[in-house]
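# Residue-level structure breakdown
What follows is the residue order along each chain.
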Amino acid sequence: SQTIHQWPATLVQPVGSPLSLECTVEGTSNPNLYWYRQAAGRGLQLLFYSVGIGQISSEVPQNLSASRPQDRQFILSSKKLLLSDSGFYLCAWSTAVSGNTIYFGEGSWLTVV
Amino acid sequence: SQKIEQNSEALNIQEGKTATLTCNYTNYSPAYLQWYRQDPGRGPVFLLLIRENEKEKRKERLKVTFDTTLKQSLFHITASQPADSATYLCALGAGNNRKLIWGLGTSLAVNP
């Protein structure tokens, strides 16, 4: 069966520090991968979307970037965090088999102080 | 612009009753609608998907209806249990998963 792992689960980072959140999917090949952010009082916001290795689409302009170095690995990064980057970050996947259903990881709580 | 609305206030019901959550949308013609469950501090979990040509879909104690004329979906949990307490999100889509539009969710509390 397919599983998705996302880490770290929580982190507190100072303003201006770098960020790296990692996500891996197991049990499937060539998944579509997503990074979402869920801020308090706001719906899920799609940040990045990837259909394959090295293929990244950015949905909103922001202080973050994403990379996909391997088929089932998706990384969210920032060179310098802002206070507004605080939130709950979710990695997710879907495939041609799963169709329109998206499967989420457990999430990473980021607090920028 | 496209807009999706869910009950903003938390829903409190007694165990054993049927919980009904609402998802309304405007300025959009979705091909399908999904419902997810999210527990505090966890990622959303997929529950049900219903397509525009389907009126109703069931899964165990869950039932979803989709009225494209009213632009509304209703999500029902029958014989509710305290374990059903969570936030329930609806999401609308039309083809590409990148274009999913998410509601803010409705918090459900089932009291024993």
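Structure: see above.
Described in the following lines is the structure provided in the data block. Since the model is a prediction, treat every value here as computed from it, not as a measurement.

## A closer look at the overall build of chain B
Helices and strands together make up the secondary structure of chain B, namely zero helices and eleven strands. Each helix and strand of chain B, placed in order from N terminus to C terminus, yields the pattern β-β-β-β-β-β-β-β-β-β-β. Against the globule reference of 13 Å for 112 residues, chain B gives a C-alpha radius of gyration of 13 Å, in line with a compact fold. Dimensions of chain B, computed from the C-alpha atoms along their principal axes, are close to 40 × 30 × 20 Å. A total of 112 residues make up chain B; the buried ones form 44% of that total. Long-range pairs, those at least 24 residues apart, make up 55% of the contacts in chain B between residues at least 6 apart in sequence. A total accessible area of about 5,600 Å² is found for chain B, and carbon and sulfur atoms account for 47% of it.

## Re the overall build of chain A
The number of helices and strands found in chain A is zero helices and eleven strands. Principal axes of the C-alpha set define a box for chain A whose edges measure 40 × 30 × 25 Å. Put simply, chain A has 113 residues, and 49% of those count as buried. Of the contacts formed within chain A by residues at least 6 apart in sequence, a portion of 54% connects residues at least 24 apart. For chain A, the accessible area works out to roughly 5,200 Å², and carbon and sulfur atoms hold 54% of it. The averaged location of the 6 negative side-chain charges in chain A is 9 Å from the averaged location of its 6 positive side-chain charges.

## Examining the nonpolar core
Judged by nonpolar contacts, the single largest core of 24 residues is most densely connected at L33(B), W35(B), F75(B), I77(B), Y88(B) and L108(B). Elements supplying a minimum of two residues to this core: β3 (19-26), β4 (32-38), β5 (45-51), β7 (62-67), β8 (72-77), β9 (86-93) and β11 (106-111) of chain B. Not counting residues up to four positions away in its chain, the partners in contact with L33(B) are C23(B), L48(B), L49(B), I50(B), F66(B), S73(B), C90(B), A91(B) and L92(B). If you look at the next biggest cluster of nonpolar residues, it comprises 20 residues, including L47(A), F48(A), A66(A) and L110(A).

## Looking at the side chain of H76(B)
Residues and elements named next belong to chain B. Tracing the chain through its elements places H76 in strand β8. Polar contacts involving the side chain of H76 include one to the side chain of T20, which spans 3.0 Å. Sequence-distant contacts of H76, defined by excluding residues within four places in its chain, comprise T18, A19, T20, R61, L62 and K63.

## Regarding the sheet that holds strand β1 (residues 3-6) of chain B
All names here are of chain B. Taken in spatial order, the five strands make up an open sheet running β1-β3-β8-β7-β6, and their pairing is antiparallel. A strand with exactly one partner marks an edge of an open sheet, and here the two such strands are β1 and β6 (56-59). With direction set aside, neighbouring strand axes in the sheet form an average angle of 15°. Pairing analysis gives four bridges linking β6 to β7, with the strands arranged antiparallel. What sits directly across from K59, in β7, is L62.

About the thresholds
- Residues numbered from 1 in each chain as written.
- Chains lettered and ligands numbered in written order.
- Predicted model: local features only at pLDDT ≥ 70, side-chain atom pairs only at ≥ 80, totals over all residues.
- Heavy atoms only, no water.
- Helix = DSSP H or I, 4+ residues; strand = E, 2+ residues; numbered from the N terminus.
- Rg over C-alpha atoms; globule rule 2.2 N^0.38 Å.
- Buried < 20%, exposed > 50% of the residue type's maximum accessible area, 1.4 Å probe, protein only.
- Contact = heavy atoms within 4.5 Å.
- Areas by Shrake-Rupley, 256 points an atom, 1.4 Å probe, with all protein chains shown as cover.
- Lys, Arg positive; Asp, Glu negative; His and termini not counted.
- Charge placed at Lys NZ, Arg CZ, Asp CG, Glu CD.
- Core = buried A, V, L, I, M, F, W, Y, C linked by side-chain atoms within 4.5 Å.
- Polar contact = N/O pair within 3.5 Å; in protein donor to acceptor, adjacent residues only side chain to side chain.
- Pairing = 2+ DSSP bridges.
- Axes fitted to C-alpha atoms, helices over the stretch in contact; angles between N-to-C directions.

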